[in-house]
Amino acid sequence: MNYIIRIIAIFSVVITITSCKGLSNIDLNEIELANKKASPSAKILYERIESIGKAGIAFGQQDATMYGINWKHQENPLNLRSDIKDVAGKFSAVHGYDLGHIELGNSFNLDTVSFVSMRDQVKKLNEKGAIFTFSWHLDNPVTSGSSWDTISAVSEILKGGSQREKYEKWVSRLSDFFNSLKDENNEQIPVIFRPFHEMNGGWFWWGEGNCTAEEYKELWRQTFKLLQQNNVHNLLYAYAPNIMQSTEDFEKYYPGDEYVDILGVDIYNYGGKEAFIKNIKTNLEILKLEAQKRSKPYALTETGNIDPGSDPKWWTEHLYPGIKDSGIAWVLLWRNARLDHYFSTYKDDVTAEDFREFEKLEETLFLDQVKKINFKL
Ligand code: BMA
């Protein structure tokens, strides 16, 4: 987007927001979500995401305030810290979390993040205007192995399958967690749910080669229905394949417009700089076409530098040329777990300086900017 168009876009969002006292100018009945019983706050979240997509790209990171390189939130629970805040002085606008192992009734997720602190952080960051997205690396229900245990399982948890009862229990635990996300007024906090991601790759038990496309779609629809039955009405549903070659790749597993609110794609920089830029561009073009057909917002739901340290200009010369003017509402960087597994930046990283440049770009939006793109009840 060139400068003038961007100014107009931002200006028109501001007009919309400031000219509507509360929600009087927004007809909630006109916002159609997959869940017909979606809460008003979920509808507002959807409006926010659409408006953000017009104003710029919200920056996000997985587990941003839970841990980073050489620190953990538990060690200093009152201090809200994040690696990118250490680098650029700002919090990310979008915060990703993973619910893997909530299904088992555990207190900690598969990456040792406590669900109690997750809930607590969502509450705190919600007050600051953040947006939340949840993935779910759930265990294999047949073998009790991890998400990466590709022994066939999907047909066993569909209606009539041998593990159905267990799966219903798992979804009820997941539902309890979503229903427990409440703000200071005891109102539910709306969030994005992005289950069964990267299904067109073969590494998860719900992925390519480990179930049929029809089974996958049924899994999505039946899970969606179980969540409704459990009175979960604060979710927007995001469908996100891994890198695609064509629109057919997008459509193969797509469960249907009536089950999805947001379209996404996950792309990492395998193959180096030029391939990364090209892959992001072509994939976001595919996503945009699919999204426009359906009038739904879209996002780069996972990305990250698999080779951190290789190029100090990774943010402005690799990632940004790919996402620039793409119309995505947000980009989510994967987690900064440890020095041999981090995807973003941190204070001593070679890309830290470049991240500050990336943060200053007109198009990139951080927490303070996204907070203003909101609609009150
Ligand atoms: C993967 C890796 C794993 C992690 C999982 C869920 O991509 O980061 O280490 O357990 O995501 O967060």
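Now for a description of the structure that goes with this document. Within any chain, residue numbers begin from 1 and follow the written order of that chain's sequence. A pLDDT threshold of at least 70 governs which residues receive local features in this predicted model, and a stricter bar of 80 or more applies before side-chain atom pairs are shown or counted, although totals over entire chains, interfaces and linings include all residues. With hydrogens and water stripped out, all remaining heavy atoms of the structure feed into the side-chain values.

### Structural notes on the site of the ligand
Then, number 1: Definition of nearness: a residue and a molecule or strand are near each other if at least one heavy atom of the residue lies within 4 Å of the molecule or strand. Residues in close proximity to the ligand include Leu110, Asp111, His137, Trp148, Trp334, Arg335 and His341, which together make up its full environment.
Then, number 2: Distance and chemistry together define a polar contact, namely a pair of N or O atoms within 3.5 Å, with one atom able to donate a hydrogen and the other to accept it when in protein, and with adjacent residues in sequence counting only for side-chain atoms on both sides. Within the side chain of His341, an N or O atom sits 2.7 Å from an oxygen atom of the ligand.
Then, number 3: Burial of the ligand by the surrounding chains reaches 78%, relative to a free accessible area of 310 Å².
Then, number 4: Definitions used for this entry: grid spacing 1 Å over protein atoms alone; cavity, a set of points where a 1.4 Å probe fits but cannot get out; pocket, an open set with protein on both sides within 12 Å along at least 5 of 7 lines; lining residue, one with an atom within 4 Å of a point. The rule for placing a molecule in a cavity or pocket is simple: more than half of its atoms must lie within 2 Å of the grid points. In this structure, the ligand is accommodated by the second largest pocket.
Then, number 5: Here the residues of the shell around the ligand sort into three nonpolar, two polar and two charged. Accessible surface area values rest on a Shrake-Rupley calculation with a 1.4 Å probe, where residue burial reflects the displayed protein chains alone. Under the convention adopted here, Pro, Cys and the residues Ala, Val, Leu, Ile, Met, Phe, Trp and Tyr are nonpolar, Asp, Glu, Lys and Arg are charged, and Gly plus all remaining residues are polar.

### A look at the nonpolar core
Then, number 1: The nonpolar core is taken to be a set of buried Ala, Val, Leu, Ile, Met, Phe, Trp, Tyr and Cys residues, with the residues joined through side-chain atoms within 4.5 Å. With a 1.4 Å probe rolled over the protein chains alone, any residue whose accessible area is under 20% of its type maximum counts as buried; one over 50% counts as exposed, and the rest are partly exposed. Judged by nonpolar contacts, the single largest core of 85 residues is most densely connected at Leu99, Phe134, Trp136, Tyr167, Phe178, Trp206 and Ile323.
Then, number 2: Where helices and strands are cited, they refer to DSSP runs of H or I of at least four residues and of E of at least two residues respectively, numbered from the N terminus. No other element matches the seven residues that helix α7 (residues 213–229) contributes to this core.
Then, number 3: If sequence neighbours within four positions are ignored, Phe134 has contacts with Tyr97, Leu99, Met118, Val122, Phe177, Phe178, Leu181, Val191, Ile192, Phe193 and Arg194. By the convention used here, residues are in contact when the closest approach between their heavy atoms is within 4.5 Å.

### Focus: the packing of helix α9 (residues 272–294) against helix α10 (residues 314–323)
Then, number 1: Simply put, an axis is a line fit to the C-alpha atoms, just over the touching stretch for a helix, and the angle between two N-to-C directions goes from 0 to 180 degrees. Relative orientation of the contacting elements α9 and α10 amounts to 25°, with a least axis distance of 7 Å. By the angle between their axes, α9 is roughly parallel relative to α10. Across the interface between the two elements, Lys273, Phe276, Ile277, Ile280, Lys281 and Leu284 from α9 touch Trp314, Glu317, His318, Leu319, Pro321, Gly322 and Ile323 from α10.
Then, number 2: Here the residues of the contact of α9 with α10 sort into eight nonpolar, two polar and three charged. Here roughly perpendicular refers to angles of 65 to 115 degrees, roughly parallel to angles under 35, roughly antiparallel to angles over 145, and oblique to all remaining angles.

### Observations concerning unusual backbone geometry
Then, number 1: Backbone geometry at Asp63 places phi at a positive 55°, although glycine is not the residue there.
Then, number 2: With respect to the element layout, Asp63 can be found in the loop between β1 (57–62) and β2 (67–68).
Then, number 3: Judged by its relative accessible area of 1%, Asp63 is buried.
Then, number 4: Phi is positive for Asn231, which is not a glycine, with a value near 60°.

Everything listed here is a matter of geometry and, on its own, says nothing about what the molecule does.
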